[in-house]
Amino acid sequence: MVHYTSELADSNNQEVCTLLCDLLENQPPYKKTRFENAWYYKLISLKELSIRSFCESCDAESVFCATFSGTFKEIATECMTATTNVFDSASSKKYECFDGKSFILTFTFLCAKCKRPHYYSILITDGNILKIGQYPSYTSNEVQDVRKYKNLISKYYPELTKSINAYSQGMGVGAFVYLRRILEHLVESRFTGDKSWKFDEKFKAVEAAEQLIPEELSPAKLRIYSILSKGVHEYTEEECMELYLVVKFVVERMLDIEIEKQENQRKAKAAIAAINKKLQQ
Ligand SMILES: [Zn+2]
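Our subject in this report is the structure included herewith. (Residues numbered from 1 in each chain as written. Predicted model: local features only at pLDDT ≥ 70, side-chain atom pairs only at ≥ 80, totals over all residues. Heavy atoms only, no water.)

## Brief notes about the coordination of the zinc ion
Ideal geometry at a metal gives 109.5 degrees between four tetrahedral donors and either 90 or 180 degrees between six octahedral ones.
Now for step 1: Taken together, the protein donors to the zinc ion comprise Cys55 (SG), Cys58 (SG), Cys111 (SG) and Cys114 (SG), at separations of 2.3 to 2.4 Å.
Now for step 2: Bound by four donor atoms, the zinc ion shows angles of 102 to 114° at the metal and therefore tetrahedral coordination geometry. (Donors = N, O, S within 2.8 Å, 3.2 Å for Na, K, Ca; no water. Tetrahedral: all angles 85-135°; square planar, octahedral: opposite > 155°, others 65-115°.)

## Quick notes on the state of the cysteines
Joining two cysteines, a disulfide is a covalent bond between their sulfur atoms.
Now for step 1: What the rule picks out here adds up to zero disulfides.
Now for step 2: Between Cys65, a free cysteine, and Cys111, which holds the nearest cysteine sulfur, the sulfur-to-sulfur gap is 8.6 Å.
Now for step 3: In this structure Cys111 comes out as buried when scored by relative accessible area, which is 0%. (Disulfide = S-S within 2.5 Å. Buried < 20%, exposed > 50% of the residue type's maximum accessible area, 1.4 Å probe, protein only.)

## A look at the layout of surface pockets
Empty space among the atoms can be located by rolling a probe the size of a water molecule over them.
Now for step 1: When its volume is computed, the largest pocket comes out at roughly 490 Å³.
Now for step 2: Taken together, 19 residues line the largest pocket, and the ones lying closest to its centre are Asn26, Glu142, Asp145, Lys248 and Glu252.
Now for step 3: Mapped by element, the contributors of at least two residues to the lining of the largest pocket are strand E2 (48–55), helix H4 (138–146) and helix H9 (237–280).
Now for step 4: In terms of residue count, the dominant contributor to the lining of the largest pocket is H9 (seven residues).
Now for step 5: Residue composition of the lining of the largest pocket, by class: six nonpolar, three polar and 10 charged.
Now for step 6: The two domains that each donate at least three residues to the lining of the largest pocket are domain 1 (1–136) and domain 2 (144–281). (1 Å grid on protein atoms, 1.4 Å probe; cavity = no way out; pocket = protein on both sides within 12 Å on 5 of 7 lines; lining within 4 Å. Points joined across faces, edges and corners; volume = space filled by probe spheres on them. Helix = DSSP H or I, 4+ residues; strand = E, 2+ residues; numbered from the N terminus. Nonpolar A, V, L, I, M, F, W, Y, C, P; charged D, E, K, R; others polar. Domains from an automatic or database assignment.)

## Concerning the environment of Val143
Now for step 1: Considering the arrangement of structural elements, one finds Val143 in helix H4.
Now for step 2: With 89 residues separating them in the primary sequence, Val143 and Phe54 have C-alpha atoms 9.5 Å apart.
Now for step 3: Not counting residues within four places of it along the chain, the set of residues in contact with Val143 comprises Tyr157, Thr161 and Ile164. (Contact = heavy atoms within 4.5 Å.)

## Looking at the nonpolar core
Now for step 1: Counting 39 residues, the largest nonpolar core has Ile153, Leu183, Phe203, Ile224 and Met254 as the members making the most contacts within it.
Now for step 2: Going through the elements one at a time, H4, helix H5 (157–168), helix H6 (172–190), helix H7 (199–210), helix H8 (221–228) and H9 are the ones with two or more residues in this core.
Now for step 3: In terms of residue count, H9 provides more of this core than any other element does, 10 residues in total.
Now for step 4: If we skip the residues at most four places from it in the chain, Phe203 touches Leu183, Val187, Leu212, Ile213, Ile224, Tyr225, Leu228 and Val250.
Now for step 5: Grouped together as the second largest cluster of nonpolar side chains are 27 residues, Phe64, Phe68, Leu105 and Ile124 included. (Core = buried A, V, L, I, M, F, W, Y, C linked by side-chain atoms within 4.5 Å.)

## Considering H8
Now for step 1: For H8, every residue scored as buried is listed here: Ile224, Tyr225, Ile227 and Leu228.
Now for step 2: As for H8, its buried residues are in contact with H6, H7 and H9.

Here you go:
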């Protein structure tokens, strides 16, 4: 059993802020993330939080804000009174203990532009924090995000949405296999070398030419190569859940590069047409 003094309430809450934003923005429901007891104090000192989400009214990604001047403080107070006070005779200090307690927190975030609300519920229990609900749903939010790729990968688009849906329900292997099929298609269509190479070798070659994995994700590079070299039957549920978002990021990056290329070609074509028109005058 671990006890923490309330002195920790003043410490920097950036760590818990980052954890909460990642949980609300990116993590699927029921995926557990470790929650340290000390973070309760950081959590209750939070005044506001901003996350990015797709706004159905603005029809675009937007910043959603929640301020905790009223509601959050009330919830936090409930958390505090629900704790057990423990007196440590050795140090003559009174400690508050969160062990064995569970808390549900509900958040209402408003779109910064149009004030449309998004709702989230979080459960903190057994040393873990997890999202237990959100409206609009995780899948609908994520699918809005990838709509821009629909024309680009028309044949594979349903697999991308199925992949997101499977991930939202904690079916890591299924989600990962759908995603890998799309990645294979993208790599194969770019790879011009020896067709007999293994998939992970082809991926490395394409990655080296286009730098698909940015610097900040380089610590995960070797893990990505290693998991991509495996056969479908070798994946574990945990590996797939762990690497899903990284591989999804790589897939989206490849598609973004393609969209940018098409956009540049369109602009170049328009510029040439304008120059030719001018020269004919
Ligand atoms: Zn909006």
